[in-house]
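What follows is each chain in one-letter form.
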Amino acid sequence: MSKCSCNQKIMSTAVANGLFTDSCLDVCVNPQCGDPEYLTILAPVVYDEIGINICRTVPLPGDVALEYPTAVYASAEVIDIAITPGTGETPGTTITPLSNRANCYEVELSNLSVTFAVRLYDCCKRLLTTLTVTGIVYLPSATTDEGYDPDTNPTSVALDIFAPYGVVYDDGNITSPVINFVGFSTTNSQLEQGLNLMAIPKVLDFDLTGGTITIGITLIVKSLYFTQYQIPHNGRAIVSKGSLNSSEDSVCMDFVSGSLLDRNIKPLEVCNPRDKKEECEDVDPTPCYEQTQD
């Protein structure tokens, strides 16, 4: 009676065939030595991008003229942008596939609530303070809103963008496409697959007496997807090492004063290895994957 196997074992090419197709070099026992000619990477690739400039005057919190009378210069960074989804009743940002143009989308930006970190400096460019400025609406939803200007800060802008693999949906709900903002908060500092929004600010004017600052923003929408590529490389990067000053003489001090550790197992060339060993007898049996100090 033949025995049946209930578990089907699936192996990668490297595990099944051995290193570089040589059965005598089993990567599960002897990881690869040497450097592959190419590395396989999974990278975020920008397929299309488009940007616009908008501008408005922003009120600063508190009485900056009283609290920081020596302030002369200012700079700003966009920390966060709250993107309000637009609906039939609520003005906001909408993402719509173009009719009869399946690979492109119209992104209409509106009602963007921006949070800034504004830094004030004296005449010698010494930092005086950093202010958090929240709730500043760019592209306001109505012409009566504060900061509205038909030329520099209209109610909305519509951008067409090439996004061949589609967009990301909120919790998988295909009626709710979303755009990811990449900023400087722990909650928004990462790229995501699909549509991404980035903002680059510039301070155009600082009025200490009036307690206002005029900030122009470059908004850039990118369609981005993670794609696998093979790239050539020039070896591993060398990390700069700081040293401790001590007269101690011990194994710990030898380690602290020595080179940084590095992991020596090299990635496999999964497509077309160029470093094939011809004879099994030439293989050095010494393990090449121990952590060592150079």
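Worth saying up front: this structure is predicted, and the values here are computed from it rather than measured. (Residues numbered from 1 in each chain as written. Predicted model: local features only at pLDDT ≥ 70, side-chain atom pairs only at ≥ 80, totals over all residues. Heavy atoms only, no water.)

Q: Tell me about the overall build of the protein chain, and please be specific about residues and values.
A: Counting secondary structure elements, the protein chain contains three helices and 14 strands. Residues classed as buried in the protein chain amount to 31% of the 294 residues present. In the protein chain, the share of contacts with a sequence separation of at least 24, taken over all contacts with a separation of at least 6, comes to 70%. Accessible surface, the protein chain: about 18700 Å² in total, of which carbon and sulfur atoms supply 51%. (Helix = DSSP H or I, 4+ residues; strand = E, 2+ residues; numbered from the N terminus. Buried < 20%, exposed > 50% of the residue type's maximum accessible area, 1.4 Å probe, protein only. Contact = heavy atoms within 4.5 Å. Areas by Shrake-Rupley, 256 points an atom, 1.4 Å probe, with all protein chains shown as cover.)

Q: Just give me the short version of the pairing of strand S11 (residues 194-207), but keep the residues and values in it.
A: The sheet contact formed by strand S10 (residues 180-182) and S11 spans three bridges and is parallel. For Asn180, the partnering residue across the bridge sits in S11 and is Asn196. Relative to strand S12 (residues 212-232), S11 runs antiparallel, the two sharing 13 bridges. When the bridges of S12 are listed, Val203 appears paired with Ile215. As consecutive antiparallel partners, S11 and S12 are separated by four residues, and within that stretch Gly211 has a phi angle of approximately 65 degrees, a positive value. (Pairing = 2+ DSSP bridges.)

Q: Before we move on, could you go through the environment of Leu219 and cite the residues and values that matter?
A: With respect to the helices and strands, Leu219 occurs in strand S12. For the pair Leu219 and Asn53, spaced 166 residues apart in sequence, the C-alpha to C-alpha distance is 6.3 Å.

Q: Help me get a handle on the pairing of strand S3 (residues 94-98), residues and values and all.
A: Summarising the sheet, S3 and strand S4 (residues 101-109) pair through five bridges and their orientation is antiparallel. Of the residues in S4, the one forming a bridge with Thr96 is Glu106. Count of turn residues in the S3/S4 antiparallel hairpin: two residues, of which Asn100 carries a positive phi of about 65 degrees.

Q: Go over the packing of aromatic side chains, please, and point to the residues and values.
A: The final tally for this structure, using the stated rule, is four aromatic pairs. Three or more aromatic residues joined by ring pairs make a cluster, and in this case those are Tyr47, Tyr165 and Tyr225. One Lys or Arg, Lys125, reaches over the ring of Tyr73 and ends 4.6 Å from the middle of that ring. (Phe/Tyr/Trp six-rings, centres within 6.5 Å; stacked < 30°, edge-to-face > 60°. Lys NZ or Arg CZ within 6 Å of the ring centre and 35° of its normal.)

Q: Pulling in residues and values, what's your account of the sheet that holds S10?
A: Read from one edge to the other, the open sheet built from four strands follows the order S1-S12-S11-S10, with strand pairing classed as mixed. Among the strands making up the open sheet, the edge pair consists of strand S1 (38-59) and S10. For this sheet, the mean inter-axis angle between neighbouring strands, taken without regard to orientation, is 30 degrees. (Axes fitted to C-alpha atoms, helices over the stretch in contact; angles between N-to-C directions.)

Q: Explain the nonpolar core to me, using residue names and the numbers behind them.
A: In this structure, Leu109, Phe116, Ile217 and Leu219 are the most contacted members of the largest nonpolar core, which totals 43 residues. Contributing elements (two or more residues each) for this core: S1, strand S2 (73-83), S4, strand S5 (112-121), strand S6 (127-138), strand S7 (157-162), S11 and S12. With six residues, the top contributor of residues to this core is S12. (Core = buried A, V, L, I, M, F, W, Y, C linked by side-chain atoms within 4.5 Å.)

Q: Which residues make up the side chain of Thr93, and what are the values?
A: Secondary-structure assignment places Thr93 in the loop between S2 and S3. Within the structure, the side chain of Thr93 is placed 3.4 Å from the backbone oxygen of Ser110, a separation counted as a polar contact. The residues contacting Thr93, other than those within four sequence positions of it, are Ile83, Thr84, Pro85, Gly86, Glu108, Leu109, Ser110, Leu112 and Ile179. (Polar contact = N/O pair within 3.5 Å; in protein donor to acceptor, adjacent residues only side chain to side chain.)

Q: Can you break down the environment of Ile50 residue by residue, with the values?
A: Here Ile50 is to be found in strand S1. Put simply, Ile50 and Ile161 are 111 residues apart on the chain and 7.1 Å apart in space, counted from C-alpha to C-alpha. Discounting chain neighbours no more than four positions away, the residues touching Ile50 are Leu159, Asp160, Leu219, Ile220 and Val221.

Q: I'd like a rundown of the sheet that holds S4, residues and numbers included.
A: Strand order in the open sheet made by the three strands is S3-S4-S7, with antiparallel pairing throughout. Two strands lie at the open edges of the sheet, namely S3 and S7, each paired on one side alone. This sheet shows a mean twist of 25 degrees between the axes of neighbouring strands, independent of strand direction.

Q: Please give an account of the pattern of salt bridges that cites residues and values.
A: Overall, the coordinates contain three salt bridges when judged by the stated rule. Taking the shortest distance from any N to any O, the salt bridge between Glu146 and Arg56 comes out at 3.9 Å. One end of the pair, Glu146, is in the loop between S6 and S7; the other, Arg56, is in strand S1, with 90 residues separating them in the sequence. Look at Glu146 and you get exposed, because its relative accessible area is 60%. Judged by its relative accessible area of 6%, Arg56 falls in the buried class. A salt bridge links Asp122 to Arg126; its shortest N-O distance comes to 2.8 Å. In this structure Arg126 comes out as exposed when scored by relative accessible area, which is 51%. (Salt bridge = Lys/Arg side-chain N within 4 Å of Asp/Glu carboxyl O.)

Nothing here speaks to function; it is all geometry.
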